[in-house]
Structure formats: structure tokens, C-alpha cells
Amino acid sequence: MDVNKARTSVKADLHRLFSGKLKVQLQALDTVRQQAVKRLLIACIVVPVVSLLGFAYIQANYMDPDLIFWVVGLSAMLMYWFVMSKWSSYRRDYKTQVVGKLLSTFNSSFKYAPTGQVSSVKYKDSGLYPRAYDRYEGEDYVIGKLGKTLIEFSELHTQYKTTTRDSKGRTTTNWHTIFKGLFFVADANKHFKSKTYIRPDSSGLFSSLGKSIGNLLGTRDARVALEDPEFERFFEVYSNDQVEARYLISPALMRRLIAFRQEADASVALSFVGGQLYIAIPTRKAYFEPKLFKPAVNMDVIEEIYQDLDFITGIVEDLDLNTRIWTKE
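Treat the numbers as computed from the prediction; the structure is a model and nothing was measured.

## Comments concerning the pairing of strand β9 (residues 276-282)
Along any regular strand, the residues point their side chains to alternate faces of the sheet.
For step 1, the next point in the chain: Across the seven residues of β9, five count as buried, placing the element largely inside the fold.
For step 2, the next point in the chain: Note: strand β4 (residues 171-187) against β9, seven bridges, orientation antiparallel. From the neighbouring strand, Leu182 faces β9, where its bridge partner is Ile281.
For step 3, the next point in the chain: As paired strands, strand β8 (residues 269-273) and β9 are joined by five bridges and run antiparallel to one another. Bridge assignment links Leu270 to a residue of β9, and that residue is Ile279.
For step 4, the next point in the chain: Counting the residues between successive antiparallel strands, the hairpin from β8 to β9 contains two residues, one of them, Gly274, with a positive phi of roughly 65°.

## Concerning the confidence of the model for the chain
For step 1, the next point in the chain: On average, residues of the chain carry a pLDDT of 82, and 86% of them reach 70 or more.
For step 2, the next point in the chain: Per-element averaging of pLDDT across the chain places helix α5 (residues 205-217) at the bottom with 41 and helix α4 (residues 120-126) at the top with 95.
For step 3, the next point in the chain: Scored below 50 in pLDDT, residues 204-220 makes 11 contacts in the model with residues more than four places away or belonging to other chains.

## So, the packing of aromatic side chains
Two aromatic rings are characterised by how far apart their centres lie and by the angle between their planes.
For step 1, the next point in the chain: One pass over the structure, following the stated rule, counts 15 aromatic pairs.
For step 2, the next point in the chain: Arranged with centres 5.8 Å apart and planes meeting at 55°, the rings of Tyr90 and Tyr94 form a pair that is tilted. Residue Tyr90 and its partner Tyr94 are both found in helix α3 (residues 67-106); the two are separated by four residues, about one turn of the helix.
For step 3, the next point in the chain: On the accessibility criterion, Tyr94 (1% relative accessible area) is buried.
For step 4, the next point in the chain: Seen in terms of ring centroids, Tyr123 and Tyr136 are 5.5 Å apart; in terms of plane orientation they differ by 70°. Their pairing is edge-to-face. On the criterion of sequence distance, the pair formed by Tyr123 in helix α4 and Tyr136 in strand β2 (residues 135-146) is long-range, its members being 13 residues apart.
For step 5, the next point in the chain: Take Tyr136: its relative accessible area is 18%, and that puts it in the buried class.
For step 6, the next point in the chain: Three or more aromatic residues link up through ring pairs in this structure, and these residues are Tyr123, Tyr129, Tyr133, Tyr136, Phe179, Phe183 and Tyr278.
For step 7, the next point in the chain: The ring of Tyr160 carries the charged tip of Arg131 above its face, separated from the ring centre by 3.5 Å.

Definitions and cut-offs
Residues numbered from 1 in each chain as written. Predicted model: local features only at pLDDT ≥ 70, side-chain atom pairs only at ≥ 80, totals over all residues. Heavy atoms only, no water. Buried < 20%, exposed > 50% of the residue type's maximum accessible area, 1.4 Å probe, protein only. Helix = DSSP H or I, 4+ residues; strand = E, 2+ residues; numbered from the N terminus. Pairing = 2+ DSSP bridges. pLDDT = per-residue confidence, 0-100. Contact = heavy atoms within 4.5 Å. Phe/Tyr/Trp six-rings, centres within 6.5 Å; stacked < 30°, edge-to-face > 60°. Lys NZ or Arg CZ within 6 Å of the ring centre and 35° of its normal.

Structure below.
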């Protein structure tokens, strides 16, 4: 069966699933969603009213004007909890009951953990983001087999923190993103002797100086020059084994990476380490998410989740991983 026929078949299965038992579940879930919307509307009324009344009371009783900030802050926090407790319940149940079924319809081997993530060990092993992190978070973990290729992926968000102190001794902590997006791990069917990294091309004077100094000092991961100007316009390749790097990054793979990068419209990064191919796609998009202001009984939302999944799993097809061009020795 070709790819288009397979996708048509999956979409037909989705429509059958939606029209069957799933629709009944969605109707029950939509009651919770409507309650979350009502709570949000109440919060939008309560916070301004409480703030105005608090301001009037403080003014009338000649109290410290700064108290209004406490009144506004406390009322906003309470209303935030009031709304989020119901929305979180809806979001959790939607992912557990609906997204899990959609994933199994797409591929029966897929196992889904809404609150799971790719392990921090694999993130570190990839070598794509070597900076130490202080916070490691993720969700929507999926593992399964596409054709001959075992894959796993999840959303990830890694951050480091910095602390500053002002002239009055007050301390401020700031969080900075290292990586936020989709992190993908695939079995490459080969144990690589080297470590090879494909990173988004960086341009500018300091980047050029850094590369020159690295070459002069003979750093472990040297720049790999490839005979494809268009590929080098988008990517930089580093490896501690020039021969294996050129074997791994064939002209066909370079063309696929260029096409994938343009389609994804993101600064995709890859690494070949151990027996795994790691792919990091920075994005602010949240995958597999229900919509607060759209009814749960909505085929458009179901199809959007399917399209997200089709894009993610399409990486295997786009990079032609199932042809097993790398073989274990």
C-alpha cells in the first residue's frame, strides 16, 4: 500500500472512530470544557470588580494605597486557580481518553504517556545541547515502531537559571530556554564509531572566528566540509571522524534534510551517536492539545491532532530511515 492510500485509510478510520464510541466520550468531556469556559468568564468579571471595590474601600478609609496591589494579586491568583483546576481536568481527560485512542488508530504499536517525556539521559547523549540545564520538563511522550524503525518522541523544554542581586541586596532569578520543541529519537540500525552533529548554520564574524580557532587548535569535533553549497547554507556538520561523517551524510540525505528543513520552517538539528539518530526541532507549537473555545465534539480538532502526528512520524519517511541504508556491523 502506498503512502497516500495508507493516509486515506487512516483518515477513514478516524472518521469511523469519531462517529462511534469516541463521540459519546467527547460529549461527556465537553461538559467539563464548558464549565472551564464559564469559570473563565466569571474570573473576567470578579477580578475587575473586586479590584475596584478594594480600591474604593482603601481610598475611603485612607489606607496604604499599596494594599490595592495585594487585593488585585490575591483575587487574580484565586481566580486563576478557580479556572485552571477545571481546565487542567479537561485537558488531562481529553489527552488520556481521546489522544491515546487517536494514536493507537494511527499506529497500533504506539504507546502514549501524556505526562511522560524522552529521558534526560537520551537528551544528554544526543550532544545537541551540551549546556547544563537546571529545569527539564516535557510531555506527550510516544514510543512505537514505524515500519522497521523504532522511534520515540516528546515535547521538551530545558532551561538554565541565572541569579542577579541589585544594589539593595534583592535577589532576582531568571530562567532561560536552552531548547523548547520536539525531540525525536530513532533507531539508526547501526552503532556509530564516531559522534556526528548536524547543526543549523550560524553566520557572522564571531562564528567564523570560532570555526577558525577550532580548526587551528585541532578540537575533537572538527568541521566537516561537504560538497553541497545549498546544504552548507542551512547546516554545519561536526564530527570526530571525517570518513564516517561523509558516509552517514550522503547526497540523498542532504537533499532530504534541505527539503525537511524548508517544510518544517524550523532550525532542525541532528546527531548520530551510539546507535541512535537524534532530531531536535525547536518550535513553540504545543502538540496534541484540546481547544478551550472549541467544542470537544469537533472533527476539525481531531484532524488537527492527526496532522500533527502525520508531520512528526513523517520524519521517518522524509529521511528515508526505513530503507536501512546504515547496517549494524
